[in-house]
Amino acid sequence: NKRPFDPTTPLHLPQGKWKVIHFGMMIPDLPDPIRFFDIIAILGTASRVPAFAAPSLLTTDPDDAAWLLVGSGTSRDNFHCYSTAQDCDFADDVSRLQWGDRLTITRTDEQITVHAKPKGLRAELTVRPTGEVSHFAHLPGLYDHWSILCEYTGTFMTADGTVVESSGLTTWEYARGRNDVPLPIYVFTYQILNISSRVQVLMVELLGPGDIAIQRTVYVRDLDGENRVYTKGFTHSVSQYLPHTTPDGVEMALPGELSWSVLDDHEHELITIRGKANDDYAYGMAGGFAGSYEYTGRYKRRPIEGTAYIEWIDRRRQR
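Residue numbers here run from 1 along each chain, matching the order of that chain's written sequence. Only residues with pLDDT of at least 70 get local features here, since the model is predicted, and only at 80 or more are side-chain atom pairs given and counted; chain-wide, interface and lining totals rely on the full set of residues. Based on all heavy atoms of the structure, the side-chain values leave hydrogens and waters out of the count.

Draft legend 1. Representation of the sheet that holds strand β5 (residues 88-90) in the model. Here eleven strands make up an open sheet; going across it, the order is β4-β3-β2-β1-β11-β10-β9-β8-β7-β6-β5 and the pairing antiparallel. In this open sheet, the two edge strands, each paired with only one partner strand, are β4 (79-83) and β5. Along the sheet, successive strands turn relative to each other by an average axial angle of 15 degrees, direction set aside. Of the pairings in the sheet, the one linking strand β6 (residues 96-99) to strand β7 (residues 103-107) comprises four bridges and is antiparallel in character. Bridge pairing links Trp99 to Leu103 in β7. We treat two strands as partners when DSSP finds at least two bridges between them. Counting from the N terminus, the helices are the DSSP runs of H or I reaching at least four residues and the strands are the DSSP runs of E reaching at least two. Think of each axis as a best-fit line through the C-alpha atoms, taken over the contacting stretch in the case of a helix, with angles from 0 to 180 degrees between the N-to-C directions.

This is how it looks when you write it as structure tokens:
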């Protein structure tokens, strides 16, 4: 995570052993009723990773599948499995990605533009990647996942004509993995807080069989070049759950109230968060949901509050 980002890292479509590709973008802390905006796109099917697979929802060949969620507080029912060959238009160099008439992403080294038209929302975004990159996962030859800190400006229009102009921090995410090697991940959460106009905090937790911790990490990055990784004293608990059922019939309890914290390198409190969900969860974050929660807490001993973005998958019950 602390290595400089290699600008020659390829962004590519499924090829060779890399059969599963993920592109993503997430924005927390948007005004009501939108609250969050995300793009979760997966090309191919991670059929051997329990947290990321919902094989019964396939509508095409697993390698041809192009899974997409464009979610927000006003566009929650927007998960769809497209056919790459029949419904999509993807440039080989990933400079242009189009899923039907719902989403178009164009990309250069300097800028990413997004035109999204999910049911319930229209979004037009201009996104500028920075040099701050978090390398979430690096399993050589099996799985890589990067997240780039970005600045954005955008316009959002809800179905009732409400227009929201917004700017701030977002992420551009890219991952690649194999589909022929099992990865026993059953619980996954990823949470994003823009605690100021310049500082973004990311929390990741992955659990395997028997709730064994695979990863528990907090990332802090900002426009001034800080990019730090923290794991000491990590805590995360859910005190109230909200029952939901996935489209493929899995009962999944989602956080209603939660808290988490981590210590800095000197074992002092870095950040402590207490959150209450808005219960605007949208299905389609792989095998789970994405939504938002209102939080209060402390960061470097200063009080903070806002609206966080949360992804949540718990596939323990499907075993």
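Draft legend 2. Seen up close, the nonpolar core. Core analysis: the largest hydrophobic core is formed by 61 residues, its most contacted members being Val201, Trp260, Ile271, Tyr293 and Tyr299. The criterion used for residue contact is that any of the two residues' heavy atoms lie within 4.5 Å. Here Tyr299 is in contact with Ile195, Val199, Val201, Val220, Leu270, Ile271 and Ile304, once residues within four sequence places are set aside. As used here, the term nonpolar core means buried Ala, Val, Leu, Ile, Met, Phe, Trp, Tyr and Cys residues forming a set that is joined through side-chain atoms within 4.5 Å. In this scheme, a residue with accessible area under 20% of its type's maximum is buried, one over 50% is exposed, and one in between is partly exposed, where area comes from a 1.4 Å probe on protein chains only. Of all hydrophobic cores here, the second largest spans 39 residues; its members include Phe23, Ile34, Ile112 and Ala123.

Draft legend 3. View of the pairing of strand β17 (residues 251-263). Sheet topology places strand β16 (residues 235-245) next to β17; ten bridges connect them, and they run antiparallel. Along β17, the bridge assignment pairs His236 with Trp260. Summarising the sheet, β17 and strand β18 (residues 269-277) pair through seven bridges and their orientation is antiparallel. Opposite Trp260, over in β18, you have Ile273 as the bridge partner. If you look at the hairpin formed by β17 and β18, you'll find five residues sitting between the two strands, and Glu267 has a positive phi there, around 65 degrees.

Draft legend 4. Here's a closer look at the side chain of Glu311. Tracing the backbone shows Glu311 in strand β21 (residues 302-314). As a buried residue without a salt bridge, Glu311 has its nearest oppositely charged side chain in Arg221, at a separation of 11 Å. Within this scheme the basic residues Lys and Arg register as positive and the acidic residues Asp and Glu register as negative, but His and the chain ends are omitted. What counts as a salt bridge is simple: a side-chain nitrogen of Lys or Arg found within 4 Å of a carboxyl oxygen of Asp or Glu.

Draft legend 5. Just the environment of Ala308, in detail. Structurally, Ala308 is set in strand β21. Counting along the chain gives 249 residues from Ala308 to Thr59, while the straight-line C-alpha distance between them is 32 Å. Ignoring any residue separated from it by four or fewer positions in sequence, one finds Ala308 in contact with Pro28, Ile192, Leu193, Gly291, Ser292, Tyr293 and Tyr295.

Just distances and angles here, no functional claims.
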